[in-house]
Amino acid sequence: MRIVFSRKGFDSQAGGYPSPILDGRPISIPIPTRHRSETTYEHLGLGELVERLTRGKIARDHLCHEDPMFADGRCAFGQTGPAQSHLTNCNVGIDDIFLFFGLFSDARGERHHRIFGYLKVEKVLTLGTRPNAANIIADFPRRHPHTIGEWNTNNTVYLGAGFLCQRASDTLRLSIRGGPVSVWSVPPWLREAGLTYHGDNERWLDGNMLKIVGRGQEFVTHVDAFPVAHQWLDRVIAEINR
């Protein structure tokens, strides 16, 4: 089994701000886009929040890239280009788990990375350059962006069970407290299992800490040989499902 740490949502470049935590609940804001979408922030009930968060730089009627998409215990996540090639090369597929993380700001204004949802893959659809929305639209109230417009030939959607978390618990926090956003507190097994894009030993710090790379969307670890990793994952998913 593979676990994929998948970076999504607003950050300092895409959107320009961290996603907020409101009333103890992390709300991942999808990145803005100008094409291949039929969904605005207002459609998601985020219009007022986005205008306030960005001080009016992004309007409520601006198109957004709603991906991953969640509805009724289901999740659809699309990927393409080099990031999808990386997932393919790592043999990511059925029964693997995506843990979606992003940049958030807490009530004190401290920026940090945290996990906000997951997808357990049940089906992988290679939609290609001119996708057919009928393949997945039945399970979701809005059209998925990876079924709109033209894409690369490896345009792919992963489907399966998935949920968003409802509270910003310490279990789902990745960045160390009081430290740089890019320095994570990680479970001890991860260094031995390995994480793609993090092969440089200098990134693995004392005290089970990892300095993550600045860019990159999909970080993959293969955990079949690590029963303790499955136990860690069970705790993470249980916390998301609470």
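Residues numbered from 1 in each chain as written. Predicted model: local features only at pLDDT ≥ 70, side-chain atom pairs only at ≥ 80, totals over all residues. Heavy atoms only, no water.

## Details of the environment of Leu 174
Here Leu 174 is to be found in the loop between strand S8 (156–164) and strand S9 (183–185). Overall, Leu 174 belongs to the buried group, its relative accessible area being 6%. For the pair Leu 174 and Arg 114, spaced 60 residues apart in the sequence, the C-alpha separation amounts to 5.0 Å. (Helix = DSSP H or I, 4+ residues; strand = E, 2+ residues; numbered from the N terminus. Buried < 20%, exposed > 50% of the residue type's maximum accessible area, 1.4 Å probe, protein only.)

## A short note on the packing of aromatic side chains
Overall, the coordinates contain 16 aromatic pairs when judged by the stated rule. Members of the aromatic cluster, each reached through a chain of ring pairs, are Phe 5, Phe 101, Trp 184, Trp 189, Tyr 197, Phe 219 and Trp 232. Stacked on the ring of Trp 151, the Lys or Arg Arg 36 has its end atom at 3.6 Å from the ring centre. (Phe/Tyr/Trp six-rings, centres within 6.5 Å; stacked < 30°, edge-to-face > 60°. Lys NZ or Arg CZ within 6 Å of the ring centre and 35° of its normal.)

## A short note on the pairing of strand S7 (residues 111–126)
With nine bridges connecting them, strand S6 (residues 97–105) and S7 associate as antiparallel partners. Paired with Phe 100 across the two strands is Gly 117, which belongs to S7. In sequence, S6 turns back onto S7 through a hairpin of five residues, with Gly 109 there showing a positive phi of about 85°. Where S7 lies against S8, nine bridges are found, and the strand directions are antiparallel. The residue bridging Tyr 118 from the neighbouring strand is Phe 163, located in S8. (Pairing = 2+ DSSP bridges.)

## Let's talk about unusual backbone geometry
Omega for the bond connecting Asp 67 with Pro 68 falls within 30 degrees of zero, at 10°, which places this linkage in the cis form. Note that Pro 68 resides in the loop between helix H1 (47–53) and strand S4 (69–71). Residue Asp 23 is not a glycine yet carries a positive backbone phi of 50°. Within the secondary structure layout, Asp 23 lies in the loop between strand S2 (19–22) and strand S3 (25–26). In this structure, Asn 208 takes a positive phi of about 55° despite not being glycine. Judged by relative accessible area, Asn 208 falls into the partly exposed class, the value being 39%.

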